[in-house]
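Close look at the chain arrangement
Now for the letters of each chain:
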Amino acid sequence: MKINASAPGKLMLFGEHAVVYNRPCIVTAVSSRIYVSVEKTSGRFLIDAPQVKDLRFVEETVKMFKNRYQVGNGLTIQTHSDFSHQYGFGSSSAVTVALISALAKTYQLYLSKKEIFNLGYKIALEVQGVGSGFDIAAATFGGVLYFVTGGKEIKPIKTEKSLPLVVGYSGVKADTPKIVKRLKLKIKSQRSKSQLTIQKIFNLIEKIVLAAKLEITNRNWKKLGELMNENHRLLQKLDVSTKKLDKMCQAALKAGAYGAKLSGAGGGDCMIALVEDNKREDVKKAIESVGGQIIKVNNNAEGVVILNDD
Ligand code: PMV
């Protein structure tokens, strides 16, 4: 029997980079999903995953399953995706989480969401070497999450509907591990004064995350927008934004967005703007006018699911 699972992509809302250094962040699962199907076969191991950028996530997941649960060899794994891996929506994490769930179901193992997260995070670290695990958490639990490094805390933030976001792609694919490693080197190699500056920036980002958590629950978009702008300014200070992302954020603000910021590691990928309904079209046009591409995607989406559950 073929088992089908799907897991959502993600968008970082607040706290990127600081979350790698024991601070919290806020992430949302998005409506774009990755679909994985798993079927037991006799003998052969086959992966048909044309849209998966890095097959090591799939291979490492299967390897870990075999080592931990002594499951068989014969498997056919197929994937398809709602979105391009270019956007930085976390396709590798979504594939990993969907595959863990599908494999667990295939071999009749019961794994709790926390166990799925722990396994997924281990696999991500194995493959990438760096990362907080926020993307694995979004793919696993879904919704809007308050998340602390490595899953020390993973708490849903109550928000009835999705947040009124406009998402713009900068046209450049970001290399997240490279940017994270670069910042790590900077922290290590710089003299104590600059190290202190970066730690201070992380502390300020942490404050923003805590305030944002509250304002999301309150649905106070004006306040939340201001917090986005502040967070973006701090990311600029960390030197991870780009001219294009800055331009897109400025254009969104000028067209009436409550706030705008880059989302994720920086160096490319997407920016997000918080926008009142009656300004959405203006903001979209403004982002496009500086060369951004609007991505149609909703947020606060459901976490991993088995699609043919009995
Ligand atoms: O580039 P993205 O969307 O995968 O986000 C990376 C966020 C970082 O905080 C920079 C890294 C991490 O693993 O938390």
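This report concerns the structure included in the present document. All values derive from a computational prediction rather than experimental measurement. (Residues numbered from 1 in each chain as written. Predicted model: local features only at pLDDT ≥ 70, side-chain atom pairs only at ≥ 80, totals over all residues. Heavy atoms only, no water.)

Another aspect to go through is unusual backbone geometry. Not every positive phi belongs to a glycine, and Asn22 is a case in point at roughly 60°. Within the chain, Asp239 stands out as a residue other than glycine whose phi angle is a positive 70°. Here Asp239 is to be found in the loop between helix H7 (221-237) and helix H8 (243-254). (Helix = DSSP H or I, 4+ residues; strand = E, 2+ residues; numbered from the N terminus.)

To continue, consider the state of the cysteines. A complete count under the given rule lists 0 disulfides for this structure. As a non-bridged cysteine, Cys25 has Cys270 as the owner of its nearest cysteine sulfur, 17 Å distant. Free of any disulfide, Cys249 has its nearest cysteine sulfur in Cys270, 11 Å distant. (Disulfide = S-S within 2.5 Å.)

Another aspect to go through is the site of the ligand. If you check the shell around the ligand, you find 13 residues, and the closest are Lys10, His17, Ser132, Thr176 and Ala265. Between Lys10 and the ligand, the recorded distance is 2.5 Å, taken from a side-chain N or O atom to an oxygen atom. One of the side-chain nitrogen or oxygen atoms of Ser132 is found 2.6 Å away from an oxygen atom of the ligand. In the complex, 93% of the free accessible area of the ligand, which totals 380 Å², lies under the protein chains. Considered class by class, the residues forming the shell around the ligand number 5 nonpolar, 6 polar and 2 charged. (Near = heavy atom within 4 Å. Polar contact = N/O pair within 3.5 Å; in protein donor to acceptor, adjacent residues only side chain to side chain. Areas by Shrake-Rupley, 256 points an atom, 1.4 Å probe, with all protein chains shown as cover. Nonpolar A, V, L, I, M, F, W, Y, C, P; charged D, E, K, R; others polar.)

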